[in-house]
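# Examining the three-dimensional arrangement
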Protein chains: 2
Amino acid sequence: MKLTILGCYSATPRTFNNPTSQVLEMKGQLFLIDCGEGTQVELRRHKIKFARIKHIFISHLHGDHFFGLPGLISTFRLLGRDSELNIYGPKGIKEVISLMMKLSGSWTDFPLVFHELNSKESELILDNEKVEVRTIPLDHRVYTNGFLFREKPGERKLNIAEAIELGIDKAYYRNIKKGKDVELESGEVIPNARLSFDPPAPKSYAFCSDTAYKPDIVPLISGVDVLYHESTFMEAHAHLSSSTKHSTAKEAAAIARDAKAGTLILGHYSTRYGELDGFKDEASGIFENVLLADDGKEFEF
Amino acid sequence: MKLTILGCYSATPRTFNNPTSQVLEMKGQLFLIDCGEGTQVELRRHKIKFARIKHIFISHLHGDHFFGLPGLISTFRLLGRDSELNIYGPKGIKEVISLMMKLSGSWTDFPLVFHELNSKESELILDNEKVEVRTIPLDHRVYTNGFLFREKPGERKLNIAEAIELGIDKAYYRNIKKGKDVELESGEVIPNARLSFDPPAPKSYAFCSDTAYKPDIVPLISGVDVLYHESTFMEAHAHLSSSTKHSTAKEAAAIARDAKAGTLILGHYSTRYGELDGFKDEASGIFENVLLADDGKEFEF
């Protein structure tokens with residue numbers, strides 16, 4: 001699982017700070033999460049192949065989270081894309097993107113599938129062979145969702161030495177990986193546990209931005225391996241945090257602690273702060289394993 | 001008159017090429033012309049004060065000419081702007097910008113005035129004390145206008161030495177600058193020509209992008225001091241030029257020659273070309289005074 005931060009600052013793009021966008025690679029699939037202005041340039045900078053992006057998740061319709069989307073779709077079109085693109089985001093996203101395409105006379109040749117969200121309950125919105133994605137209803141000034149990405153358990157790993165030792169025909173290997181026992185010609189049944197090892201534990205990633213402190217998301221993300229939670233403010237500006245429906249670093253840490261997350265990544269910093277160490281200091285008092293997102297950073301888990 | 005090229009490449013923003021946007025400073029007023037994705041970052045890079053931009057001109061609604069506009073308006077709002085912003089662009093621009101503001105719950109506190117264009121004839125769209133702006137109807141795949149900016153003649157310059165020599169009271173100076181004669185107490189009339197010099201000749205700038213070769217714009221821009229004309233292609237791709245309704249460098253030069261322009265600036269290059277010298281070479285065979293736009297370049301006239 002690999003997370004690439006294309007941008008993680010709040011509000012508006014600046015010379016050295018990009019608005020929110022990140023790419024999650026999970027089981028070989030790429031998921032683009034939010035798409036602030038300038039995202040397509042950051043994708044190029046990171047040499048991420050545009051054609052590999054088949055699913056884009058938009059948390060909410062504030063500009064710093066989606067103003068790069070019309071340009072990215074337009075670029076996909078200009079590059080001659082033909083594969084389907086799925087866009088998951090709040091109701092209204094289809095209307096605004098469609099209007100922009102209409103005005104510019106630029107309908108896509110590839111299938112553009114909108115999955116508009118308006119439920120206040122968590123929903124399963126993507127479910128394929130390897131990954132499932134659920135919404136995490138958040139509390140912001142406009143309708144907002146976080147997203148929980150979960151790997152599905154992989155196949156069991158063949159204990160090749162034991163299989164050879166027992167003279168098991170290769171034709172059985174697929175079934176062994178699927179967890180089945182093997183019956184030998186002699187009638188003896190070899191239990192699967194002797195022929196295979198547990199697969200790597202499936203990983204999970206939760207993206208929660210933008211949101212006020214919302215403890216009722218804890219059960220939804222319980223035990224998540226990696227939690228990205230916005231921390232727009234430090235304690236000094238906690239009053240702004242509540243009035244703007246954002247979180248402080250401490251609040252993000254409390255969510256991570258209560259959800260028993262493996263790792264907390266902080267982001268969506270207000271650009272009023274010159275440096276980021278204070279965010280980590282404040283969060284670390286509450287939750288141990290804190291990392292700081294920054295534009296261009298890559299995390300592997 | 002100063003022209004700052006924020007971006008001058010066609011199609012999509014890339015790591016080192018920005019889509020179209022430029023700032024014209026004329027008689028102390030700033031005019032933003034087109035606003036491709038990333039424009040607000042380029043404005044910051046050039047340290048152009050956002051509050052000085054009161055008029056934005058959008059040639060047409062292809063993404064590489066206006067996808068930066070929603071973000072720029074949103075940033076104006078976040079910065080607490082209160083002065084009026086005028087946006088001149090094709091019909092439809094108001095609907096799409098308004099929809100984006102509605103979806104993000106981000107109505108501006110400052111007056112946002114849309115001047116929607118749909119005429120196929122040249123129109124006077126801005127007329128203030130110092131500058132007037134007219135549309136230049138162009139020929140592209142969607143409804144498109146260029147823009148002709150003209151300084152108004154300034155006040156005459158006072159011949160201060162002569163005024164003192166003749167003992168003229170300072171109270172008359174304003175009228176002298178306005179071209180009036182002065183009657184002395186003796187009854188003698190001093191003609192204005194003796195008391196003042198001609199003001200600097202008013203300057204003009206024409207922005208013509210995107211467009212196919214359209215010789216009927218020549219009378220509209222006749223004698224323009226500086227013509228920015230798109231040259232998406234060189235001769236090797238002239239066939240693409242006509243099918244996409246763009247111009248070649250030679251066609252841009254022919255317009256400059258026929259309009260008796262002072263200077264031609266080429267831009268809106270296709271990113272297929274590694275270097276730009278070929279554009280200048282091809283245009284120079286037809287029109288002598290050719291300059292090449294490039295991202296970040298500033299021209300003073």
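Quick caveat: nothing in here was measured; it's all calculated off a predicted structure. (Residues numbered from 1 in each chain as written. Chains lettered and ligands numbered in written order. Predicted model: local features only at pLDDT ≥ 70, side-chain atom pairs only at ≥ 80, totals over all residues. Heavy atoms only, no water.)

## Quick look at the sheet that holds strand β2 (residues 21-26) of chain B
Residues and elements named next belong to chain B. The seven strands are arranged β6-β5-β4-β3-β2-β1-β18 in an open sheet whose pairing can be described as mixed. Each of the sheet's edge strands pairs with one partner strand only, and the pair in question is β6 (112-117) and β18 (298-300). Each neighbouring strand pair of the sheet contributes to a mean axis angle of 15°, computed without reference to strand direction. Taken together, the five bridges between β2 and strand β3 (residues 29-33) define a ladder with antiparallel strand orientation. Bridge pairing in β3 links valine 23 to leucine 32. Across the face of the sheet, helix α4 (residues 93-103) comes into contact with β5 (85-90) and β6 while running at roughly 145° to β6. (Pairing = 2+ DSSP bridges. Helix = DSSP H or I, 4+ residues; strand = E, 2+ residues; numbered from the N terminus. Axes fitted to C-alpha atoms, helices over the stretch in contact; angles between N-to-C directions. Contact = heavy atoms within 4.5 Å.)

## Quick notes on unusual backbone geometry
For the peptide bond that leads from A:Ser209 to A:Asp210, omega is 0°, which places it in the cis range. Examined against the element boundaries, A:Asp210 turns out to sit in the loop between β14 (204-208) and β15 (226-230). The phi torsion at B:Lys245 lies on the positive side, around 60°, for a residue other than glycine. Assignment of secondary structure puts B:Lys245 in the loop between α8 (238-244) and α9 (249-258). A relative accessible area of 30% means that B:Lys245 is categorised as partly exposed. A positive phi angle is found at B:His268, which is not glycine, with a value near 60°. Here B:His268 lies in the loop between β16 (263-267) and α10 (277-284). (Buried < 20%, exposed > 50% of the residue type's maximum accessible area, 1.4 Å probe, protein only.)

## Re the interface of chain A and chain B
The partner chain B presents 33 residues to the 33 residues of chain A that form the contact. Both sides together, the interface formed by chain A and chain B hides about 2,800 Å², and carbon and sulfur atoms give 66% of it. Area buried by chain A at its contact with chain B is led by A:Glu37, A:Phe67 and A:Leu103, which between them contribute 22% of it. One can count zero salt bridges joining chain A with chain B. Applying the counting criterion to the chain A and chain B interface returns 10 residue pairs in polar contact (both at pLDDT 80 or more). (Buried area = accessible area lost by both parts, 1.4 Å probe. Salt bridge = Lys/Arg side-chain N within 4 Å of Asp/Glu carboxyl O. Polar contact = N/O pair within 3.5 Å; in protein donor to acceptor, adjacent residues only side chain to side chain.)

## As for empty space enclosed by the protein
Space left empty within the atom packing is revealed by a probe, the size of a water molecule, rolled over the atoms. All names here are of chain B. Scanning the model with the defined rule gives one cavity of 30 Å³ or more in all. Here the largest cavity defines a volume of roughly 30 Å³. Contributions of two or more residues to the lining of the largest cavity are made by β1 (2-7) and α1 (39-45). Class assignment for the residues of the lining of the largest cavity results in two nonpolar, six polar and two charged. (1 Å grid on protein atoms, 1.4 Å probe; cavity = no way out; pocket = protein on both sides within 12 Å on 5 of 7 lines; lining within 4 Å. Points joined across faces, edges and corners; volume = space filled by probe spheres on them. Nonpolar A, V, L, I, M, F, W, Y, C, P; charged D, E, K, R; others polar.)

## A few points about the pairing of strand β8 (residues 131-137) of chain A
All names here are of chain A. Within β8, six of the seven residues are buried, which leaves the element mostly enclosed by the surrounding structure. Counted between consecutive antiparallel strands, the loop separating strand β7 (residues 124-127) from β8 contains three residues. Note: β8 against strand β9 (residues 145-151), seven bridges, orientation antiparallel. Bridge pairing in β9 places arginine 134 opposite leucine 148.

## Side note on the packing of helix α3 (residues 69-78) of chain B against α4(B)
Residue and element names in this part refer to chain B. Between α3 and α4, the least distance of the axes is 11 Å, while the angle of their chain directions is 55°. Considering the angle they form, α3 stands oblique to α4. Note that α3 runs across α4; the crossing there is right-handed. In this structure, α3 uses Leu69, Pro70 and Ile73 to contact α4, whose residues at the interface are Ile93, Ile97, Met100 and Met101. Grouping the constituent residues of the contact of α3 with α4 by class yields seven nonpolar, no polar and no charged. (Parallel < 35°, antiparallel > 145°, perpendicular 65-115°, else oblique. Left-handed = near helix turned anticlockwise from the far one by under 90°.)

## A look at the pairing of β16(B)
Looking down a regular strand, the side chains alternate between one sheet face and the other. Residue and element names in this part refer to chain B. A large share of β16 lies buried, amounting to five of its five residues. Burial of β16 is two-sided: the residues Thr263, Ile265 and Gly267 facing one way and the residues Leu264 and Leu266 facing the other way are all buried. Taken together, the five bridges between strand β15 (residues 226-230) and β16 define a ladder with parallel strand orientation. For leucine 227, the partnering residue across the bridge sits in β16 and is leucine 264. Relative to strand β17 (residues 290-292), β16 runs parallel, the two sharing three bridges. Along β17, the bridge assignment pairs leucine 264 with valine 290. On the question of chirality, the crossover connecting β16 to the parallel β17 by way of α10 is right-handed. (Right-handed = clockwise from strand over helix to strand, strands pointing away.)

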